[in-house]
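# Residue-level structural notes
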Number of protein chains: 2
Amino acid sequence: MEVASRSHNNESAEPSSSHVLGWMKAIVPHRIINKIAEKAKEAKKLGIDDPRRIIHSFKVGLAITLVSLFYYFKPLYEGFGVSAMWAVLTVVVVFEFSVGATLGKGLNRVCATLLGGGLGVGAHWLACYSGKNGEPVVIAVFVFIVAATVTFVRFFPKMKARYDYGLMVFILTFCLVSVSGYREDEVIRMAHERVVTIAIGSCTSLLVCILICPVWIGEDLHNQVADNLEKLGKFLEGFGGEYFKISNDAQSNTDKSFLQGYKSALNTKNSEENMANLARWEPRHGRFKFRHPWKLYLKAGTLTRDCAYKIEALSSHLNSENSTPWPEEIQSKIQESYTMISSETGKALKELASAIKTMARSSSVNTHIANSNAAAETLKSPFKISVLEEDTDLLEIVPAATVASLLMDVVTCTEKIAACVNDLASQANFNSPNNNNNMIPGNSRLLHRGSVQPISGTEGPHHVITIGE
Amino acid sequence: MEVASRSHNNESAEPSSSHVLGWMKAIVPHRIINKIAEKAKEAKKLGIDDPRRIIHSFKVGLAITLVSLFYYFKPLYEGFGVSAMWAVLTVVVVFEFSVGATLGKGLNRVCATLLGGGLGVGAHWLACYSGKNGEPVVIAVFVFIVAATVTFVRFFPKMKARYDYGLMVFILTFCLVSVSGYREDEVIRMAHERVVTIAIGSCTSLLVCILICPVWIGEDLHNQVADNLEKLGKFLEGFGGEYFKISNDAQSNTDKSFLQGYKSALNTKNSEENMANLARWEPRHGRFKFRHPWKLYLKAGTLTRDCAYKIEALSSHLNSENSTPWPEEIQSKIQESYTMISSETGKALKELASAIKTMARSSSVNTHIANSNAAAETLKSPFKISVLEEDTDLLEIVPAATVASLLMDVVTCTEKIAACVNDLASQANFNSPNNNNNMIPGNSRLLHRGSVQPISGTEGPHHVITIGE
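What comes next is a walk through the structure. (Residues numbered from 1 in each chain as written. Chains lettered and ligands numbered in written order. Predicted model: local features only at pLDDT ≥ 70, side-chain atom pairs only at ≥ 80, totals over all residues. Heavy atoms only, no water.)

This part covers the overall build of chain A. Counting its regular elements, chain A contains 19 helices and 2 strands. The buried share of chain A, taken over its 469 residues, is 51%. Counting contacts in chain A only where the partners sit at least 6 residues apart, residues at least 24 apart contribute 78% of the total. A total of about 21900 Å² of accessible surface is found on chain A, and carbon and sulfur atoms cover 60% of it. (Helix = DSSP H or I, 4+ residues; strand = E, 2+ residues; numbered from the N terminus. Buried < 20%, exposed > 50% of the residue type's maximum accessible area, 1.4 Å probe, protein only. Contact = heavy atoms within 4.5 Å. Areas by Shrake-Rupley, 256 points an atom, 1.4 Å probe, with all protein chains shown as cover.)

Together, R31 and K35 of chain A together with K158 and K295 of chain B make up a region of like positive charge exposed at the surface. Overall, the relative accessible area of 67% leaves K158 of chain B in the exposed class. (Patch = residues over 30% accessible without salt bridge, like charges linked within 9 Å, V, L, I, M, F, W, Y side chains within 5 Å. Salt bridge = Lys/Arg side-chain N within 4 Å of Asp/Glu carboxyl O. Lys, Arg positive; Asp, Glu negative; His and termini not counted. Charge placed at Lys NZ, Arg CZ, Asp CG, Glu CD.)

We now examine helix α3 (residues 30-49) of chain A. Residue and element names in this part refer to chain A. Its 20 residues give α3 an end-to-end C-alpha distance of 28 Å, which sits within 8% of 28 Å, the value for a rise of 1.5 Å per residue. Among the residues of α3, I33, A43, L46 and G47 are the ones counted as buried. Seen along its axis, α3 keeps its buried residues to an arc of 145°; they face one direction. Away from the buried face of α3 by more than 90 degrees, exposed residues R31, K41, K45 and I48 are located. (Expected span 1.5 Å × (residues − 1). Arc of directions from axis to C-beta.)

Time to look at a nonpolar patch on the surface. Residues and elements named next belong to chain A. Side chains of I55, L62, L66, L69, F73, L207, L211 and I212 sit close together on the surface and give an oily, nonpolar patch of about 680 Å² of accessible area. Listed by contribution, the elements that provide at least two residues to the nonpolar patch are α4 (52-67) and α11 (187-211). Within the secondary structure layout, I55 lies in helix α4.

Let us now look at the packing of aromatic side chains. Counting across every chain of the model gives 28 aromatic pairs over all chains. On the numbers, 6.2 Å between centres and 40° between planes, the contact of Y243 of chain A with Y338 of chain A is tilted. Residue Y243 of chain A is found in helix α12 (residues 217-243), and its partner Y338 of chain A is found in helix α16 (residues 328-358); the two are separated by 95 residues along the sequence. Judged by its relative accessible area of 2%, Y338 of chain A falls in the buried class. Summarising the aromatic geometry, the rings of F170 of chain B and F174 of chain B are spaced 6.4 Å apart at their centres and angled 20° between planes, so their arrangement reads as stacked. Of the two residues, F170 of chain B and F174 of chain B are both situated in helix α10 (residues 157-184); the distance of 4 residues between them amounts to about one turn of the helix. You'll find F170 of chain B and F174 of chain B in the same group, each marked buried. The structure contains a cluster of three or more aromatic residues connected by ring pairs, namely F235, F239, Y243, Y262 and Y338 of chain A. Its end group placed over the ring of Y165 of chain A, K105 of chain A keeps NZ or CZ at 4.9 Å from the ring centre. (Phe/Tyr/Trp six-rings, centres within 6.5 Å; stacked < 30°, edge-to-face > 60°. Lys NZ or Arg CZ within 6 Å of the ring centre and 35° of its normal.)

Turning our attention to unusual backbone geometry. Although it is not a glycine, N429 of chain A adopts a positive phi angle of roughly 50°. The residue N429 of chain A is located in the loop between α18 (398-427) and α19 (443-448) in this model. Overall, the relative accessible area of 56% leaves N429 of chain A in the exposed class. In the Ramachandran plot, M359 of chain B falls in the positive-phi region, its phi being about 55° despite a non-glycine side chain. Turning to its location among the elements, M359 of chain B is positioned in the loop between α16 (328-358) and α17 (365-378).

Turning our eyes to something else, we now look at the packing of helix α8 (residues 99-128) of chain B against helix α9 (residues 131-153) of chain B. All names here are of chain B. Where α8 meets α9, the axes come as close as 8 Å, and the angle between the chain directions of the two elements is 145°. Crossing handedness for the pair α8 and α9: right-handed. In this structure, α8 uses A123, H124, L126, A127 and C128 to contact α9, whose residues at the interface are G131, E135, V138, I139 and F142. Its residues placed into classes, the contact of α8 with α9 shows 7 nonpolar, 2 polar and 1 charged. (Axes fitted to C-alpha atoms, helices over the stretch in contact; angles between N-to-C directions. Left-handed = near helix turned anticlockwise from the far one by under 90°. Nonpolar A, V, L, I, M, F, W, Y, C, P; charged D, E, K, R; others polar.)

Below is the structure:
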């Protein structure tokens, strides 16, 4: 059989393919096998990228299996009868990837069911007074008014962000209870069963979600904000070398993915707002309090995006020719300053990222920012008319000048981000900086790396900056 | 009574307040009245901003009332019994604002219910072979495997984008049918009822959604892409005047909202992708075919965002001082060129926007782009070293140079957008340009506005450009 398969699929015959694989290849069209192999590869990648996805899938299976026990055990079943399926339905609908989303949906569902069920019973009770013929009319009017009004309320942005699901469940329960009350005459029992089974489903989901490898969306937001800052930092650290095409053996061998990383920070607005909304539902966990200042993460995210827009502009200068028209020594001075500004802001951003990640204040951020400001000051001298030749086309220095201006913008952005992270640090009680790394504040680490030699303390412009990378 | 209320609320007593209002003010705390008034104002604004929201609310009310007729009419009720509530539930869950979303959810729900119900019946049938004691175990194993696998499949980005809801309903139906089959012994009847009631609910939703003032999400996407282009165009048209603080009476009196409009184009990625996904479900309507090239709208959206990033950078130069160091006549030449480039690209973008909106090719776009390219060429002469004084600080021309470079980037972006809209025009069969406006291609309109006097055809650099605004 294996021989046959090989002769069929000469072009892709692998010597190590097992009997089963060979047999499958013989009867299933090649195209389908390729498709399946591709999907399996994609699935594997999804699992490796974030193993929590696999755990989540098992958790959902477990929660549904647990709740379906209602049907298997007679005493439980006899209490609820067919209504027990509401519990299964609730688990499928409510169980989300993160604790915040599950809690939000679960609470929305339980509260909305309580309210909708209560009002439904009320509507049924009112309708009873209008006689057997009037009842359906009254109920239909109620249903129409409630459905239309609540549907409109769902358009309010604040309601949509936090209570959209609850409003839908409210309409649902109100309609089910009031409408089926017309036939069943046991409205209250029905409303009661629905509330209890939904509460059971929600609790099962929540318990499984929180007790087995919980995924906290607040932590995801926290990490995402820090990761995006780090990506910007990595870009800026590498920017100088890339811009001046410094052929560094160590650098050219490594991949250039750091040049593209910042792009993921450009379109984070919606996902961050969504995460912050869900994070508000989460209880205290680990280093996060119940009222953790999630709003500041949104602010940091906005500032990060502003910075990413500048970096997007910077990156468009990477691939263009930069033939600057000034003499060698001035060119090298510019190169020094640019590399210094970008690498120092890059370091500052990376420090800020790690400050967020470790929830510990960083003392060296201000030094890095001061260094980049100092380097920006040194840019003034090479940009003097006197150093250029008479017939220089000023347009030739436009790209270099633009890069200078963008780098200065990036420094301003970094200062704003640092202020925001500082607010975050005080509101979320970050730890104090680790004093071991920092005997002489800030400078010791930089001196160690051999890049800055401060002469007269903090006055930036008087620094002599030599770059020894 | 009115007197009493006035004495209570002296600070906000309105002479025209009615008796009822006055009476309400007397007994309800002031804070709550304010809150209600605020919400009512917000609701009014939501309704005025998009009256389709009000219509949608009524449509939902109508669809639910229609479907609840199942309960009121005995013959219908006797056919389905309690299962009829699945129809109500389906309407509440499936009815969305746009036809695309409703169709997507409805089809997902019906197909997933069919598949899940079928497989659930199959699982029940298999489990029957394992005896009364083995049955719950076999079913529990099936439920666990299906729930876990399908939950994992929901993580595939392509599945998530289009079939997320269907996958959830599949788990739901499979679990409900197979699990309740253990007790009910009428699995097939149950599966059949569920499929039929859900189909009825989905059809009711769809009919109401399509027949009464339908909202086509494809049209929304179409308009959003055009609107964003127009906003960028408006910014660029006004940029020259704002940058050089040209005090134009007509302009200074109008509001400056055009300077902020572009911001809404920065964060459109997610919403546009979502809209394009939903638009694919929509049938042929108006000028949109079933297989309308929605992907090109996404491409146009991406290019628009790229352009918006440049404009974001440009706008940061609006409020800074622009004291350029060159003589009066050169300064005025730069002013001419900048204003020309930005207003011509602005016009080009607005033409593109209206081309998309009216689905008719525009012939003047290329002329506008050629004009802005020509103006960019004229920028070369003022940026000569020789025109500056010896001790000029080159950093002083950095902002002006940056603006020049950004404007050139914007021209490049505009060219790309024009190419993309051109693709869209051929794939979506846009109408040919209206020849009446355009006897001499492109130039006649511009000449009419007294802004460009072409000398030698198309070679941009040789144009003499005078701005007569």
